[in-house]
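# Secondary and tertiary structure notes
If you want the building blocks of each chain, they are given just below.
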Amino acid sequence: MSTVGGEIFSVVRTDSQTLARCGILRTAHGIVHTPAFMPVGTQATIKGLLPHLVEGTGTEIILSNTYHLLLRPKPETVAALGGLHRFMGWHKPILTDSGGFQVFSLAQLTRIEERGAVFRSHLDGSLVELTPERAIEVQELLGSDIAMVLDHVVALPNERSVIEDAMERSLRWAERCQKAHQRKDQWLFGIVQGGLEPDLRLRCVEELVQMGFDGYAIGGLSVGEPPAEMYRILDVVAPSLPAERPRYLMGVGRPIDLLEAIARGVDLFDCVMPTRNGRNAMAFTEAGPLRMRNACHERDPRPMDPTCPCLACTFSRGYIRHLFMAREMLGPILVSLHNIAFYQRLLRQARAAIEAGSFGDFLEEKRATWSRTTM
Ligand SMILES: CNc1nc2cc3c(=O)[nH]c(N)nc3c(CCO)c2[nH]1
Ligand SMILES: [Zn+2]
């Protein structure tokens, strides 16, 4: 348990129609209003965006990755340069993931042993070992406000025995992470595994809560399973987690997925979609997604989203299409910025709906509006 000033998390309002709630998450670098969305800054940068631009979208917390920074520039280098906040000039909260997902999704020839994950770096093929103890040491060197335990993530669909084995190893690793964790100004979150098996998920929740973490993440989802399957697991897992601790759904998701998860009591999200899609000229708007290379935008003087307050929406669609057709750097920068602003505005609207006790109506309205698009 960390001792950052005051309580970790307070629920300030619960919706009257769903399990959605508004909360305040307190960290060493300030507070986060939940439900909150974390843009992904994998290599100590939200790709293409200076910190003050990210702040301007209303972002209060970002995610960075142990796996990538372990390989380059190495955590000892980041620590020597003052830690991750000073290194990247972001002075609000930072959550670091442990690498559990990347050793499964990015690394080559990963071998999972009881001791830890052994893999070849995707950068130079060198052999790397990531143990629970090293994952904690790295996150303490980086100085993030929230650290994640090292977990064993498996692909879905999978054999129940494979899922059970990985879930049990993740529990043993979580305990080792807890024992290794020293920094009192850094929260430590556990991660619930167990695939799409409700009984394995609930057993994992029970054991993690027994160990006692500052917050709880729901892992092992958004790994290719149908959305309905994810929602079914959330129905079981989210309400079973302690109400007075933050609940973080890892790697999610599309705008509609965020709202469906918020309705089930989830407080925190991270996803590469707004920035990755932005770099690929796909802009989220209230009326549905826009593909900015599309010829229809060539002479369109309107902003991407006339209701959007962001800097990118002071330019015309014609200009943004030109930037992508000319392969100018500013294209991906502007649409990434806009997409993060879109997600943060959606969460502001969600928090307001919860405060008004009508999040259920808000969700229904978005389900109807977006059912005709791929949001
Ligand atoms: C894009 N989908 C996704 N599913 C995830 C699932 C996990 C998970 O189970 N464990 C850990 N440590 N990280 C995860 C991450 C990376 C964070 O975005 C995920 N990302
Ligand atoms: Zn905009």
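Data block above holds the structure.
All of the points below concern the structure found in this document. (Residues numbered from 1 in each chain as written. Chains lettered and ligands numbered in written order. Predicted model: local features only at pLDDT ≥ 70, side-chain atom pairs only at ≥ 80, totals over all residues. Heavy atoms only, no water.)

## Regarding the sheet that holds strand E14 (residues 268-271)
Spatially, 8 strands are ordered E4-E14-E13-E12-E11-E10-E6-E5 in an open sheet, and the strand pairing comes out parallel. In this open sheet, the two edge strands, each paired with only one partner strand, are strand E4 (36-39) and strand E5 (62-65). Here the average twist between neighbouring strands, direction ignored, is 25°. For strand E6 (residues 94-97) and strand E10 (residues 146-148), the ladder comprises 2 bridges, and the chain directions are parallel. The residue of E10 that forms the bridge with threonine 96 is alanine 147. (Pairing = 2+ DSSP bridges. Helix = DSSP H or I, 4+ residues; strand = E, 2+ residues; numbered from the N terminus. Axes fitted to C-alpha atoms, helices over the stretch in contact; angles between N-to-C directions.)

## As for unusual backbone geometry
A cis amide bond links arginine 72 to the next residue, proline 73, at an omega of 10°. With respect to the element layout, proline 73 can be found in the loop between helix H2 (66-71) and helix H3 (75-80). Note that the residue after leucine 156, namely proline 157, is joined by a cis bond; omega there is -5°. Within the fold, proline 157 resides in the loop between E10 and helix H7 (160-180).

## Digging into the coordination of the zinc ion (ligand 2)
For a metal with four tetrahedral donors the ideal donor-metal-donor angle is 109.5 degrees, whereas six octahedral donors ideally subtend 90 or 180 degrees. Each protein donor to the zinc ion (ligand 2) is listed here as Cys308 (SG), Cys310 (SG), Cys313 (SG) and His338 (ND1); together their distances run 2.1 to 2.3 Å. Viewed at the metal, the 4 donor atoms of the zinc ion (ligand 2) are separated by angles of 99 to 116°, and the geometry they form is tetrahedral. (Donors = N, O, S within 2.8 Å, 3.2 Å for Na, K, Ca; no water. Tetrahedral: all angles 85-135°; square planar, octahedral: opposite > 155°, others 65-115°.)

## Topic: the environment of phenylalanine 359
Following the sequence through the fold, phenylalanine 359 ends up in helix H14 (residues 359-370). A residue is classified by how much of its surface remains accessible, and phenylalanine 359, at 0% relative accessible area, is buried. Counting along the chain gives 96 residues from phenylalanine 359 to alanine 263, while the straight-line C-alpha distance between them is 7.4 Å. In this structure, phenylalanine 359 is in contact with Asp15, Gln17, Thr18, Ala20, Leu259, Ile262, Ala263, Ala350, Ala353 and Ile354, ignoring residues within four places of it in sequence. (Buried < 20%, exposed > 50% of the residue type's maximum accessible area, 1.4 Å probe, protein only. Contact = heavy atoms within 4.5 Å.)

## Some points on the site of ligand 1
In the vicinity of ligand 1, 14 residues are found, and the nearest of them are Asp97, Asp151, Gly220, Leu221 and Asp270. Between ligand 1 and the protein, one listed contact pairs a nitrogen atom with a side-chain N or O atom of aspartate 97 at 2.8 Å. The contact in question runs from a nitrogen atom of ligand 1 to an N or O atom on the backbone of serine 222, over 2.9 Å. When isolated, ligand 1 has an accessible area of 440 Å², and the protein chains bury 89% of it. Classifying every residue of the shell around ligand 1 gives 5 nonpolar, 6 polar and 3 charged. (Near = heavy atom within 4 Å. Polar contact = N/O pair within 3.5 Å; in protein donor to acceptor, adjacent residues only side chain to side chain. Areas by Shrake-Rupley, 256 points an atom, 1.4 Å probe, with all protein chains shown as cover. Nonpolar A, V, L, I, M, F, W, Y, C, P; charged D, E, K, R; others polar.)

## Some details on the pattern of salt bridges
Side-chain pairs of opposite charge can arise where the charged atoms are in close proximity. Following the criterion strictly, the structure yields 26 salt bridges and no others. A salt bridge links arginine 172 to glutamate 114, with the nearest nitrogen and oxygen atoms 2.8 Å apart. Taken as a pair, arginine 172 in helix H7 and glutamate 114 in the loop between strand E7 (108-112) and strand E8 (117-120) lie far apart in primary sequence, 58 residues in all. Looking at arginine 172, the relative accessible area reads 35%, which means it is partly exposed. By relative accessible area, which is 35% here, glutamate 114 ends up partly exposed. Residues joined in a network through salt bridges with shared partners are Asp235, Glu260, Arg264, Glu364 and Arg367. (Salt bridge = Lys/Arg side-chain N within 4 Å of Asp/Glu carboxyl O.)

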